[in-house]
Amino acid sequence: MTHKITLQSIDTLTHDVHRLTFDKPHGYAHTPGQATDFALDREGWRDEQRPFTFTSLPDEDRLEFVIKSYPDHNGVTDQIGRMSPGDTALIGDPWGGIEDKGDGVFIAGGAGVTPFIAILRKKLEENGTLEGNTLMFSNQCERDIVMRNAFEAMPGLRCHWTVTEEKGSPLARGLIDSDMLAGFVDPQKDICYICGPDPMVEAMPEELARLGVEHDQIVVEDFG
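Residues numbered from 1 in each chain as written. Predicted model: local features only at pLDDT ≥ 70, side-chain atom pairs only at ≥ 80, totals over all residues. Heavy atoms only, no water.

Engineer: Give me the lowdown on helix H2 (residues 114-127), citing residues and values where you can.
Structural biologist: Helix length check: H2 (14 residues) gives 21 Å between terminal C-alpha atoms against 20 Å at 1.5 Å per residue, within 8%. Looking at the buried positions of H2, the neighbouring elements they touch are strand E4 (50-53), strand E5 (62-68), strand E7 (104-109), strand E8 (134-139), helix H3 (148-152) and strand E10 (191-195). Once H2 finishes, Gly128 follows within two positions and takes phi at roughly 80 degrees, a positive value. (Helix = DSSP H or I, 4+ residues; strand = E, 2+ residues; numbered from the N terminus. Expected span 1.5 Å × (residues − 1). Contact = heavy atoms within 4.5 Å.)

Engineer: A description of the sheet that holds strand E11 (residues 218-221) should follow, citing residues and the corresponding values.
Structural biologist: Pairing within the open sheet is parallel, and its 5 strands lie in the order E9-E8-E7-E10-E11. Edge positions in the sheet fall to strand E9 (158-163) and E11, since each has one partner strand and no second. Taking the axes of each pair of neighbouring strands and ignoring which way they run, one obtains an average angle of 15 degrees across the sheet. Pairing of E7 with E8, which is carried by 5 bridges, proceeds in the parallel orientation. Across the sheet, residue Ile107 finds its bridge partner in E8, namely Met136. Packed on one face of the sheet, helix H5 (residues 198-209) meets E7, E10 and E11 and runs near 160 degrees to E10. (Pairing = 2+ DSSP bridges. Axes fitted to C-alpha atoms, helices over the stretch in contact; angles between N-to-C directions.)

Engineer: Describe the environment of Met136, naming the residues involved and giving the relevant values.
Structural biologist: Among the structural elements, Met136 can be located in strand E8. Using a relative accessible area of 0% as the deciding quantity, one classes Met136 as buried. Taking C-alpha positions, Met136 is 7.2 Å from Val105, a pair spaced 31 residues apart along the chain. Residues within four places of Met136 in sequence aside, it is in contact with Val105, Phe106, Ile107, Ala108, His160, Ile176, Met180, Leu181 and Phe184. (Buried < 20%, exposed > 50% of the residue type's maximum accessible area, 1.4 Å probe, protein only.)

Engineer: Run through unusual backbone geometry, naming residues and quoting values.
Structural biologist: Not every positive phi belongs to a glycine, and Met147 is a case in point at roughly 60 degrees. Assignment of secondary structure puts Met147 in the loop between E8 and H3.

Engineer: Tell me about the nonpolar core, residues and numbers included.
Structural biologist: Core analysis: the biggest nonpolar cluster contains 26 residues, and Phe116, Leu120, Leu135, Phe137 and Phe151 have the highest contact counts within it. Put simply, the parts of the chain that give this core at least two residues each are E7, H2, E8, E9 and E10. Of all the elements, H2 adds the most residues to this core, at 4 residues. With residues near it in sequence (within four places) discarded, Leu120 still touches Phe106, Leu130, Phe151, Met154 and Leu157. The next biggest cluster of nonpolar side chains, apart from the first, holds 17 residues, and it includes Ile5, Leu7, Leu40 and Phe54. (Core = buried A, V, L, I, M, F, W, Y, C linked by side-chain atoms within 4.5 Å.)

Engineer: Can you tell me about the pattern of salt bridges, naming the residues and giving the values?
Structural biologist: Taken as a whole and judged by the stated rule, the model has 18 salt bridges. A salt bridge links Glu207 to Arg210; the shortest N-O distance between them is 3.1 Å. For Glu207, a relative accessible area of 12% gives the class buried. Sharing partners across several salt bridges, the network here consists of Lys4, Asp41, Glu43 and Arg46. (Salt bridge = Lys/Arg side-chain N within 4 Å of Asp/Glu carboxyl O.)

What is shown is where atoms sit, not what they do.
Spelled out as structure tokens, the structure:
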């Protein structure tokens, strides 16, 4: 089913990431970590659907997305970054395989952090702390790190940042691999959540397996 939603506000989070808040259709329900197919409600764009994750919680009276724009693509995300309050978009029903299956390590690359925003917010709301949870977040440069201050302010959440293409940064730790994971993952108890670019999503289960993490402890989502 297709739902029309109206933009209420748009905020800039980084040089190429925006937070967009829309009205919520009556009866629309999703769970933390889920996504929807999103399209601009404009001539020539309605068939250009892209998957985006909800960053709002299910009991909130709005729908929120954190979306990275790619201006050089001259495509949907570039147009989204130019939206103004009052503009409309089209979304489908919620879908997605990432959900909260227990405390552990959230491994994200770039825009792949978005499913974890609502999951971590919900865990914090329910428990008052994120003790026992770690966010490992890889980006090309420091300025690409989305919501860094917000994550660092979440009580109990251990954060580990790494950047791969900014040699002068103190966070220039390279790609996430088994050596890096070993300092944060307890194979005996941690659930390991993975979301990011295809190469990362494909590599991480093998890297985790080297540490002794069982297949049923790994939760993967690939939004393409």
